[in-house]
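Coordinate inspection notes
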Amino acid sequence: MRPAPRTRGRLALLQSRPAAADGSAADQGGPLRLADPELAERRLRALLAVLRGRRPVLIVTHDQPDPDALAAAAAVRYLLAERAGRAAVIAHGGMLGRPENRAMARLLAIPLESLSDVRFERFGPIVLVDTQYGIGNHSLPPDRVPAATLDHHPPVQPAVEAFRDVRPEYGASSTIALEYLVAAGLTPPTWLATALYNGIRTDTQDLSRHASPADEAAYAALGPLIDRRVLVRITFPPLPRTHYALLRRAIERAVILPPLVVSVLDEVRNPDTVSEIADLLARYEGADWAATIGIHRGMILLSLRSTGADADAGSAAARALQGLGTAGGRPRAAAGRVDAHGLGRAGRRARQWEIVERLCEVVGTRGEPQPLVPRRRLPNAAARLWRT
Ligand SMILES: [Mn+2]
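As the structure is a computational prediction, the values presented were derived from the model and not from experiment.

1. Focus: the environment of valine 57
Along the chain, valine 57 falls in strand E1 (residues 57–61). Sequence separation between valine 57 and alanine 87 is 30 residues, and the spatial gap between their C-alpha atoms is 6.5 Å. With residues near it in sequence (within four places) discarded, valine 57 still touches Leu51, Leu80, Arg86, Ala88, Gly124, Pro125 and Val127.

2. Considerations on the nonpolar core
Nonpolar side chains in soluble globular proteins generally cluster together in the buried interior. Ile59, Ala72, Ala75, Val76, Val127, Ala177 and Leu196 are the most contacted members of the largest nonpolar core, which totals 61 residues. It is helix H3 (residues 67–84) that provides the largest number of residues to this core, a total of 11 residues. Of all hydrophobic cores here, the second largest spans 43 residues; its members include Val262, Ala290, Leu301 and Leu302.

3. Overview of the sheet that holds E1
The strands making up a sheet associate through hydrogen bonds between their backbones, and the pairing can be parallel or antiparallel. Strand order in the open sheet made by the 6 strands is E3-E2-E1-E4-E5-E6, with parallel pairing throughout. Whereas interior strands pair on both sides, the edge strands pair on one side only; in this sheet they are strand E3 (113–114) and strand E6 (163–166). Summarising the sheet, strand E4 (residues 126–129) and strand E5 (residues 148–151) pair through 3 bridges and their orientation is parallel. Considered in E5, the bridge of leucine 128 is made with threonine 149. The sheet strands contacting helix H2 (residues 37–50) are E5 and E6, and the helix crosses E6 at an angle near 135°. Set on the sheet, H3 makes contact with E1, strand E2 (88–92), E4 and E5; between it and E1 the angle comes to about 165°.

4. Looking at the pairing of strand E9 (residues 289–296)
Burial analysis of E9 places 8 of its 8 residues in the buried class, which makes it a mostly covered element. Two strands pair when backbone bridges link them, and strand E8 (residues 260–267) and E9 are joined in this way by 6 bridges, in the parallel orientation. Note that in E9 the partner of glutamate 267 across the bridge is isoleucine 295. Direction of pairing for E9 relative to strand E10 (residues 299–306): antiparallel, over a ladder of 8 bridges. Bridging from a neighbouring strand, glycine 294 pairs with leucine 301 of E10. The loop that links E9 with its antiparallel partner E10 comprises 2 residues; one of these, arginine 297, has a positive phi angle of about 50°.

5. Quick look at the sheet that holds E10
The strand order across the open sheet formed by 7 strands is E11-E12-E10-E9-E8-E7-E13, and the pairing between neighbours is mixed. Every other strand in the sheet has two partners, leaving strand E11 (326–329) and strand E13 (370–371) as the edge strands with one partner each. Of the strand pairs in this sheet, E11 and strand E12 (residues 333–339) are connected by 4 bridges, and their pairing is antiparallel. Note that in E12 the partner of alanine 327 across the bridge is glycine 336. Those strands touched by helix H10 (residues 272–281) are E8, E9, E10 and E12, and its axis lies near 160° from that of E9.

6. Here's the deal with the packing of helix H6 (residues 190–203) against helix H7 (residues 213–222)
Between H6 and H7, the shortest axis-to-axis distance is 10 Å and the interhelical angle comes to 145°. Crossing hand, H6 versus H7: left-handed. Touching Ala193, Leu196, Tyr197 and Ile200 of H6 are Asp215, Ala218, Tyr219 and Leu222, all from H7. Split into classes, the residues belonging to the contact of H6 with H7 amount to 7 nonpolar, no polar and 1 charged.

7. What to know about the confidence of the model for the protein
When pLDDT is averaged along the protein, the result is 90, and 91% of the positions lie at 70 or above. Contacts from residues 1–28, a stretch scored under 50 in pLDDT, to residues over four places away or in other chains number 39 contacts.

8. Quick word on the domain arrangement of the protein
Annotation of the protein at the domain level lists domain 1 (25–235) and domain 2 (241–383). Placing the centre of domain 1 and that of domain 2 at their C-alpha centroids yields a distance of 29 Å. Its residues assigned to classes, the side of domain 1 that touches domain 2 comprises 2 nonpolar, 5 polar and 2 charged.

9. Topic: unusual backbone geometry
For residues besides glycine, phi is generally negative; the peptide bonds are generally trans as well. In this chain, proline 258 is followed by proline 259 through a cis amide linkage whose omega measures 5°. Along the chain, proline 259 falls in the loop between strand E7 (255–257) and E8. Of note in the backbone geometry, aspartate 266 takes a positive phi value of approximately 60° without being a glycine. Considering the arrangement of structural elements, one finds aspartate 266 in strand E8. Accessibility expressed as a C-beta count within 10 Å gives 14 for aspartate 266, which makes it partly exposed. The phi angle at arginine 297 is positive, at roughly 50°, despite the residue not being glycine. The residue arginine 297 is located in the loop between E9 and E10 in this model.

10. Description of the packing of H3 against helix H5 (residues 173–183)
Contact geometry of H3 with H5 gives a least axis separation of 8 Å together with a crossing angle of 15°. Looking at the two axes, H3 sits roughly parallel to H5. For the pair H3 and H5, the sense of crossing is left-handed. Contacts from Asp68, Ala69, Ala71, Ala72, Ala75, Val76 and Leu79 in H3 reach Ser173, Ser174, Ile176, Ala177, Leu178, Tyr180 and Leu181 in H5. Residue composition of the contact of H3 with H5, by class: 11 nonpolar, 2 polar and 1 charged.

Thresholds, definitions, all that
- Residues numbered from 1 in each chain as written.
- Predicted model: local features only at pLDDT ≥ 70, side-chain atom pairs only at ≥ 80, totals over all residues.
- Helix = DSSP H or I, 4+ residues; strand = E, 2+ residues; numbered from the N terminus.
- Contact = placed C-beta atoms within 7 Å.
- Core = buried A, V, L, I, M, F, W, Y, C linked by C-beta atoms within 7 Å.
- Buried ≥ 20, exposed ≤ 12 C-beta atoms within 10 Å, placed from the backbone.
- Pairing = 2+ DSSP bridges.
- Axes fitted to C-alpha atoms, helices over the stretch in contact; angles between N-to-C directions.
- Left-handed = near helix turned anticlockwise from the far one by under 90°.
- Nonpolar A, V, L, I, M, F, W, Y, C, P; charged D, E, K, R; others polar.
- pLDDT = per-residue confidence, 0-100.
- Domains from an automatic or database assignment.
- Parallel < 35°, antiparallel > 145°, perpendicular 65-115°, else oblique.

Below, the structure written as structure tokens:
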């Protein structure tokens, strides 16, 4: 175990940081001051206490883990290794969908296992990261109760775990995880700092979306520690030819139903495609709402984005899927899913357009539907949504 510098009450992240030659990046950084160092230490002790034991810890993220989930999970694994001499495995359901997320795991060497390969009897306690027991976005079987949870999504039910640290006011689980490292007197190595920075960066859109003062402090403290060349390679990874075909299909299918732009993708091989296309459509200058809908393994997936001033994507998605499925999210970004296993191929496709129709209702669509890019005619289902 590496000895780490530690000062009580003033937990410095970057005490021995050399000054940057050009004085640029380093000026924005500085030691991470915890708002309440004693609380952070209490939380650290409580977390390590519930994770005591000899068998490896199982760290579980939500399915299709995003950069924030990957980074926070990697930080917990690092903390356990450094402070408890404890092995841990990070496991998730689904796949690493976005090319950016695959590049992150590869370039930062974050080891991941598929939850479906996990033999639970090999493991000791379970930690849920960036998700919670009772939230439908992870694949931990319900009879496996976690010992601990670190998350920043609003709690959905009373705690079942011995230790729960859920902070909905935070923009990223990475910020929460970093505070544990700091409380433990650990400075994240370059790869982990880069991961945490990327986690905060993506979950808060560069601190523009749902960022708390704690996220801002963490981001600033991490800045001088990261490898910016690697971060650029993660942000702009090489794309396979299939990716361009996918973009073409999504754009061709996009329909403007003012103030909404929506693309209905039908079957997608990769469920992250749905959120990726929603992010792309959200940049269309002529709409306040962007939605993407697709089908993956019998589930209909919805991603909703809002760019309007008072819009709330989370509650809009919940209203659109009410009685059909589950949804949740934040004012700018939300996701939902509808179980369509009972429907045939045609039924599933029709159900997607039923969701579009409900979205139109929720956001108050008016005016004639138009294709986003010129094409001979609208999809029939879109043409039928014409309303006066
Ligand atoms: Mn997150």
